[in-house]
Amino acid sequence: MELIQNTPDLFAYLAADEVIDHHHPVVREAAARLAKEAVDSYAYARLAFEFVRDAIPHSQDSGDLRVTWRASDVLEQGTGICYAKAHALAALLRAEDIPTALCYQRFDVVHGLVAVRFNGAWHRQDPRGNKPGVDAQFSLDGERLAFTPDPESNEMDYPVLYAEPHPAVLSVLKAAPDRPYLWKTLPTAL
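As the structure is a prediction and not an experimental result, all values here were calculated from the model.

**Student:** What am I meant to see in the overall build of the protein here?
**Tutor:** Secondary structure summary: the protein contains seven helices and six strands in total. Along the chain direction, N to C, the helices and strands of the protein fall in the order β-α-α-α-α-α-β-β-β-β-β-α-α. For the protein, the C-alpha radius of gyration of 15 Å lies close to 16 Å, the compact-globule estimate for 190 residues. Going through the 190 residues of the protein one by one, you find that 51% of them count as buried. Looking at the protein alone, contacts between residues at least 24 apart form 61% of all its contacts between residues at least 6 apart.

**Student:** What exactly am I supposed to notice about the packing of helix H1 (residues 25-37) against helix H5 (residues 82-95) here?
**Tutor:** Packed helix pairs are specified by the crossing angle of their axes together with the interaxial distance, meaning the distance between the axes. The geometry of H1 relative to H5 is characterised by a closest axis approach of 9 Å and an angle of 65 degrees between their N-to-C directions. Overall, the two elements H1 and H5 adopt an arrangement that is roughly perpendicular. Here the hand of the crossing between H1 and H5 comes out right-handed. Between H1 and H5, the residues in contact are Val27, Arg28, Ala30, Ala31 and Leu34 and Ala91, Leu92 and Ala95, respectively. By residue class, the composition of the contact of H1 with H5 is seven nonpolar, no polar and one charged.

**Student:** Just checking my understanding: could you explain the nonpolar core for this structure?
**Tutor:** Soluble globular proteins tend to bury their nonpolar side chains together. Within the largest apolar cluster, 47 residues are counted, with the highest numbers of intra-cluster contacts made by Tyr44, Tyr83 and Leu92. Sorting the residues of this core by element identifies H1, helix H2 (41-55), helix H4 (71-77), H5, strand E2 (100-106), strand E3 (110-118) and helix H6 (167-175) as the ones contributing at least two each. Sort the elements by how many residues they give to this core and H5 lands first, with eleven residues. Setting aside anything within four residues of it in sequence, one finds tyrosine 83 in contact with Tyr104, Val110, His111, Gly112, Val169, Leu173, Leu186 and Pro187.

**Student:** Where do I start with the sheet that holds strand E5 (residues 156-157) in this structure?
**Tutor:** Consider a sheet: its strands pair through backbone hydrogen bonds, and that pairing is either parallel or antiparallel. Sheet architecture is open: four strands sit in the order E4-E3-E2-E5, paired in antiparallel fashion. Edge positions in the open sheet fall to strand E4 (121-125) and E5, since each of these has one partner strand only. Note that E2 and E5 share two bridges and pair antiparallel. If you follow glutamine 105 over to E5, its bridge partner there is aspartate 157. Strand contacts of H5: E2 and E3, with the helix running at about 15 degrees to E3, the strand carrying the most contacts.

**Student:** Please clarify how the pairing of E4 should be interpreted in this entry.
**Tutor:** Strand residues, when the strand is regular, have side chains that alternate between the two faces of the sheet. The buried fraction of E4 is high, at four of five residues. Direction of pairing for E3 relative to E4: antiparallel, over a ladder of five bridges. Counted as the bridge partner of arginine 117 is tryptophan 122 from E4. Two successive antiparallel strands, E3 and E4, enclose a turn made up of two residues, where asparagine 119 displays a positive phi of approximately 55 degrees.

What counts, and where the lines are drawn
Residues numbered from 1 in each chain as written. Predicted model: local features only at pLDDT ≥ 70, side-chain atom pairs only at ≥ 80, totals over all residues. Heavy atoms only, no water. Helix = DSSP H or I, 4+ residues; strand = E, 2+ residues; numbered from the N terminus. Rg over C-alpha atoms; globule rule 2.2 N^0.38 Å. Buried < 20%, exposed > 50% of the residue type's maximum accessible area, 1.4 Å probe, protein only. Contact = heavy atoms within 4.5 Å. Axes fitted to C-alpha atoms, helices over the stretch in contact; angles between N-to-C directions. Parallel < 35°, antiparallel > 145°, perpendicular 65-115°, else oblique. Left-handed = near helix turned anticlockwise from the far one by under 90°. Nonpolar A, V, L, I, M, F, W, Y, C, P; charged D, E, K, R; others polar. Core = buried A, V, L, I, M, F, W, Y, C linked by side-chain atoms within 4.5 Å. Pairing = 2+ DSSP bridges.

These figures capture arrangement, not role.
See the structure below:
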């Protein structure tokens, strides 16, 4: 699948905004802590991925009822669904000048992940969090995502790489008072 930037401006994939608030002190502190352990940007990207995947539980898996959507809130509260975890990873990567896009897959509902740019190419990564039957790994040599769509079941990978969260995703996150409500309103397509 050919991945398509929704804007040709690569700097848009480094930007901070209300959601990917990589200038926030919580994000800066986490980025600095991870950067101390990394020998280069590849090692940093892997460490950031593993931190978000492993140290921030997916709220559905953990039973956490809170809904987070801003990267700093995800890091501070230590919880989020796939979209929120993707926002947190994007903020950590952009904090260290690694271009990062938000991207999506469609299953019963839309699933969120990121793509990082290294060596002139985009590489999708899924920080959702592992559990039995899910083994997502950081990889620049072929995808190791949490889920693989089945086209015969009307599942798909969306090829568009977004510099900002998709409005359909962001609106449901912001409107949800808790995760059970969110689960009823997740987008089923983009």
